[in-house]
Number of protein chains: 2
Amino acid sequence: MRQAGMIWLTGVPAAGKTTLAGLIAGRMAAVGVPAEILDGDAFRKAMCDDTDFSREGRARNMRRAFEVGWLLAKNGIWAVIALVSPHRAARQAIRALAAERGLDFIEVHVQCPVDLARRRDPKGNYRKALAGEIQSFTGVSSPYEEPEAPEVLVDTALLRPEDGAALVLKSVAHLMGK
Amino acid sequence: MRQAGMIWLTGVPAAGKTTLAGLIAGRMAAVGVPAEILDGDAFRKAMCDDTDFSREGRARNMRRAFEVGWLLAKNGIWAVIALVSPHRAARQAIRALAAERGLDFIEVHVQCPVDLARRRDPKGNYRKALAGEIQSFTGVSSPYEEPEAPEVLVDTALLRPEDGAALVLKSVAHLMGK
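This report concerns the structure included in the present document.

Criteria and thresholds
- Residues numbered from 1 in each chain as written.
- Chains lettered and ligands numbered in written order.
- Predicted model: local features only at pLDDT ≥ 70, side-chain atom pairs only at ≥ 80, totals over all residues.
- Helix = DSSP H or I, 4+ residues; strand = E, 2+ residues; numbered from the N terminus.
- Rg over C-alpha atoms; globule rule 2.2 N^0.38 Å.
- Buried ≥ 20, exposed ≤ 12 C-beta atoms within 10 Å, placed from the backbone.
- Contact = placed C-beta atoms within 7 Å.
- Nonpolar A, V, L, I, M, F, W, Y, C, P; charged D, E, K, R; others polar.
- Axes fitted to C-alpha atoms, helices over the stretch in contact; angles between N-to-C directions.
- Parallel < 35°, antiparallel > 145°, perpendicular 65-115°, else oblique.
- Left-handed = near helix turned anticlockwise from the far one by under 90°.
- Expected span 1.5 Å × (residues − 1).

The next subject is the overall build of chain A. When helices and strands are counted, chain A shows seven helices and five strands. At 15 Å, chain A has a C-alpha radius of gyration in line with the 16 Å of a compact globule built from 178 residues. Seen along its three principal axes, the alpha-carbon backbone of chain A occupies a region of about 50 × 35 × 30 Å. Residues counted as buried form 42% of the 178 residues belonging to chain A. Taking contacts inside chain A between residues at least 6 apart in sequence as the whole, the part at least 24 apart equals 76%.

This paragraph deals with the interface of chain A and chain B. Listed per partner, the contact involves 16 residues of chain A and 16 residues of chain B. A per-element tally of the side of chain A that touches chain B places helix α3 (residues 55-73) of chain A first, with seven residues. Among the residues making up the side of chain A that touches chain B, the classes are represented as nine nonpolar, one polar and six charged.

Take the packing of helix α3 (residues 55-73) of chain B against helix α4 (residues 88-100) of chain B next. All names here are of chain B. Across the interface, α3 lies against α4 with an axial gap of 10 Å and an inter-helix angle of 25°. Between α3 and α4, the interaxial angle falls into the category roughly parallel. In this structure, α3 crosses over α4, and the sense of that crossing is right-handed. Contacts between α3 and α4 involve R58, A59, M62 and F66 on the former and, on the latter, A90, I94 and L97. Counted by class, the contact of α3 with α4 contains six nonpolar, no polar and one charged residues.

Taking 1.5 Å as the rise per residue, helix α7 (residues 161-176) of chain A with 16 residues should run 22 Å; its terminal C-alpha atoms sit 22 Å apart, in good agreement. Looking at the buried residues of α7 of chain A, the elements they touch are β1 (6-10), α1 (17-30), β4 (105-111) and β5 (152-155) of chain A.

As structure tokens, then:
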């Protein structure tokens, strides 16, 4: 059994991370490469999360997702992690951990202008955040620090989801061919 | 890829859960059955655990271990979980979740008289608990509620670790042959 890697999707809420994660994992499974999605709210819920959305709370949630992803990856299952992960330092800490453990790591910046994300707002969270009903909401009351050198950039304002997924899968194929 | 199952080792501290988990996972790996261990303190640490050892804190930690084990098992990796898990109701909740998801589940009571565990005390935790330096320590200041109908009973006062592991592996083989 060969160790798998980790794909980390970062971007503002409603940027399209979940859609992309689904397409990536689905396409991998279709060609016999096992992959598991760890996705934002669902992951927090499954982990009985008691952390808040402060800088520290988010970092802790990211660390948890990393550790779970690591358990999967070391057993040959690609981990596709979709978390806002808005803070650069926390993302760098995750990347450092991956390097330490010899884990293939693909950071994907799922880019979307915040005003477009606000218009999409499939869960109604921007609306709630703007109304003050959600605190520390990225893109409204909490900053998103853009990745400086992600392995892949997917601009969801320009690309269809399938085309965005194809970009990520190209990097995966590259790593698998190493 | 066929779904794997979950082996849940419960017992007082120093009963021998970690030793048993290592032997079980090692023997499985040796015959090409992938298995991953989620073990007490290491698991709490990896999950950046902020829960205490209260009844609720333990239940939350158990739920987390279950969810991580589930992610592994649904991808064909056996989850070998070693947690004191002293409370019957919390164990029953885990068993119910496993049943709900159609997950093969083997509860193993790693049995050891508390006075023998206190004499073993490889981590020195009983000593610390008796000195009042650790609170809510199972077997000293917190009860262990024995399983009523575990799938396997391993009495570590009587059996060599290899023979205990063999008992568990028999149940695994039975489930895999279903």
